[in-house]
Amino acid sequence: LPILKEAQERGIPVVLFVSTAPEGSQITYISNNFYDQGRILGEELLKRIDNKGKVAIIHGVPTNSAHADRYQALLDLFAKHPEVEVVETGYDSDDVQKAQTEASRILAAHPDLNAFAVVDAAGPVGVGLALREANRVGEVKFVGIDDVPQLQELMRDGVLDLSIATRPRMMGEWSTLTLLLQNLGVKTPIWLNTGIGYMTPDMVK
């Protein structure tokens, strides 16, 4: 925050991209509502297991605000459903290989697992690869986060049917526009909410 403030004091436009602003900083940030995104993902996942069963959560980077908000949303939602049990959590550090390793470990430890919940873009790719490797596609449910190319490929292959996505292109466009406005001396909003998108097999096609 001190470095960002120093930049602003020098007249350098500052905008935060896919991140929340430090409290009290009044710095414009551009993102969706990460907590809502996690809640929507969790609700879609629960539909696929009829609101009951054993679930594992793979966290991304604990200090990342987007990952932490989505994770908390999942915990809050699952706590409202007495027939849902969170049997294990893991961390992938937003790395596909680590996500795959964690998912494979959890699958081996919990042969009766019903679903995986994820909070970052690497998580669903790693989970999808682990499920395919274990020949458990369709048996263990999961919903994706974001629309990275690897996840699109898994969707084309029928490994998953839905991903709850941020809108990175829109975030990039509004970041550029916000910086332009600030450079022209125009005050910009604290938060530009780009909303939550969906990725489905039809959209991937």
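Residues numbered from 1 in each chain as written. Predicted model: local features only at pLDDT ≥ 70, side-chain atom pairs only at ≥ 80, totals over all residues. Heavy atoms only, no water.

Enquirer: Report on the nonpolar core, specifying residues and quantitative values.
Expert: Ranked by internal contacts, the top residues of the largest apolar core, which has 41 residues, are Val55, Phe78, Phe116 and Val127. Elements supplying a minimum of two residues to this core: α2 (34–48), β3 (53–59), α3 (65–79), α4 (96–109), β5 (115–118), α5 (122–133) and α6 (149–156). Residues in contact with Val127, not counting those within four places in the same chain, are Ile58, Ala103, Phe116, Val118 and Phe142. In terms of nonpolar packing, the next biggest core, distinct from the first, is built from six residues, Ala7, Leu16, Ala21 and Tyr29 among them. (Core = buried A, V, L, I, M, F, W, Y, C linked by side-chain atoms within 4.5 Å. Buried < 20%, exposed > 50% of the residue type's maximum accessible area, 1.4 Å probe, protein only. Helix = DSSP H or I, 4+ residues; strand = E, 2+ residues; numbered from the N terminus. Contact = heavy atoms within 4.5 Å.)

Enquirer: An account of the pattern of salt bridges is needed here, citing residue identities and associated values.
Expert: Opposite charge on two side chains makes pairing possible when the charged atoms of those side chains draw close. Summed over the entire model, instances satisfying the criterion amount to 12 salt bridges. The salt bridge involving Glu44 is made with Arg48; its shortest N-O contact spans 3.1 Å. Placement of the pair is Glu44 and Arg48 together in helix α2, with a separation of four residues, close to one helical turn. Taking the relative accessible area as the measure of exposure, Glu44 reaches 15% and is therefore buried. (Salt bridge = Lys/Arg side-chain N within 4 Å of Asp/Glu carboxyl O.)

Enquirer: How would you sum up the sheet that holds strand β9 (residues 191–193)? Please name residues and give values.
Expert: Pairing within the open sheet is parallel, and its three strands lie in the order β1-β2-β9. What marks the edges here is a single partner per strand, and that holds for β1 (16–17) and β9. Here two bridges tie β1 to strand β2 (residues 29–31), and the two strands are oriented parallel to one another. Across the sheet, the residue bridging to Leu16 is Tyr29, located in β2. (Pairing = 2+ DSSP bridges.)

Enquirer: How would you sum up the sheet that holds strand β8 (residues 163–165)? Please name residues and give values.
Expert: Sheet strands line up and pair through hydrogen bonds in the backbone, either parallel or antiparallel. Here three strands make up an open sheet; going across it, the order is β7-β8-β10 and the pairing mixed. On the outer flanks of this sheet lie β7 (144–145) and β10 (197–199), each paired with one strand and no other. Two strands pair when backbone bridges link them, and β7 and β8 are joined in this way by two bridges, in the parallel orientation. Across the sheet, residue Ile145 finds its bridge partner in β8, namely Ile164. Along the sheet, α2 contacts β7, β8 and β10; its crossing angle with β8, the most-contacted strand, is approximately 170°. Docked against the sheet, α6 engages β7, β8 and β10, running at close to 50° with respect to β10. (Axes fitted to C-alpha atoms, helices over the stretch in contact; angles between N-to-C directions.)

Enquirer: Explain the side chain of Asp92 to me, and be specific about the residues and the numbers.
Expert: Structurally, Asp92 can be placed in the loop between β4 (84–91) and α4. No salt bridge is formed by the buried Asp92; its nearest oppositely charged neighbour, Lys98, is found at 8.3 Å. A polar contact of 2.7 Å, which involves the side chain of Asp92, links it to the backbone nitrogen of Asp94. Among all residues touching Asp92, those that are not within four sequence positions of it are Ile58, His59, Gly60, Lys98, Ala99, Asp120, Ala122 and Gly123. (Lys, Arg positive; Asp, Glu negative; His and termini not counted. Polar contact = N/O pair within 3.5 Å; in protein donor to acceptor, adjacent residues only side chain to side chain.)

Enquirer: Give me a nonpolar patch on the surface: which residues, what numbers.
Expert: Together, Met170, Trp174, Leu177, Leu180, Leu184 and Val186 give the surface a local cluster of nonpolar side chains, amounting to about 530 Å² of exposed area. Note on placement: Leu180 falls in helix α7 (residues 168–183). (Patch = residues over 30% accessible without salt bridge, like charges linked within 9 Å, V, L, I, M, F, W, Y side chains within 5 Å. Areas by Shrake-Rupley, 256 points an atom, 1.4 Å probe, with all protein chains shown as cover.)

Enquirer: Can you lay out the pairing of β4 for me, pointing to particular residues and giving the numbers?
Expert: By the bridge criterion, seven bridges tie β3 to β4 in an arrangement that is parallel. When the bridges of β4 are listed, His59 appears paired with Tyr91. As for the winding sense of the linkage, the β-α-β connection from β3 through α3 to β4 is right-handed. (Right-handed = clockwise from strand over helix to strand, strands pointing away.)

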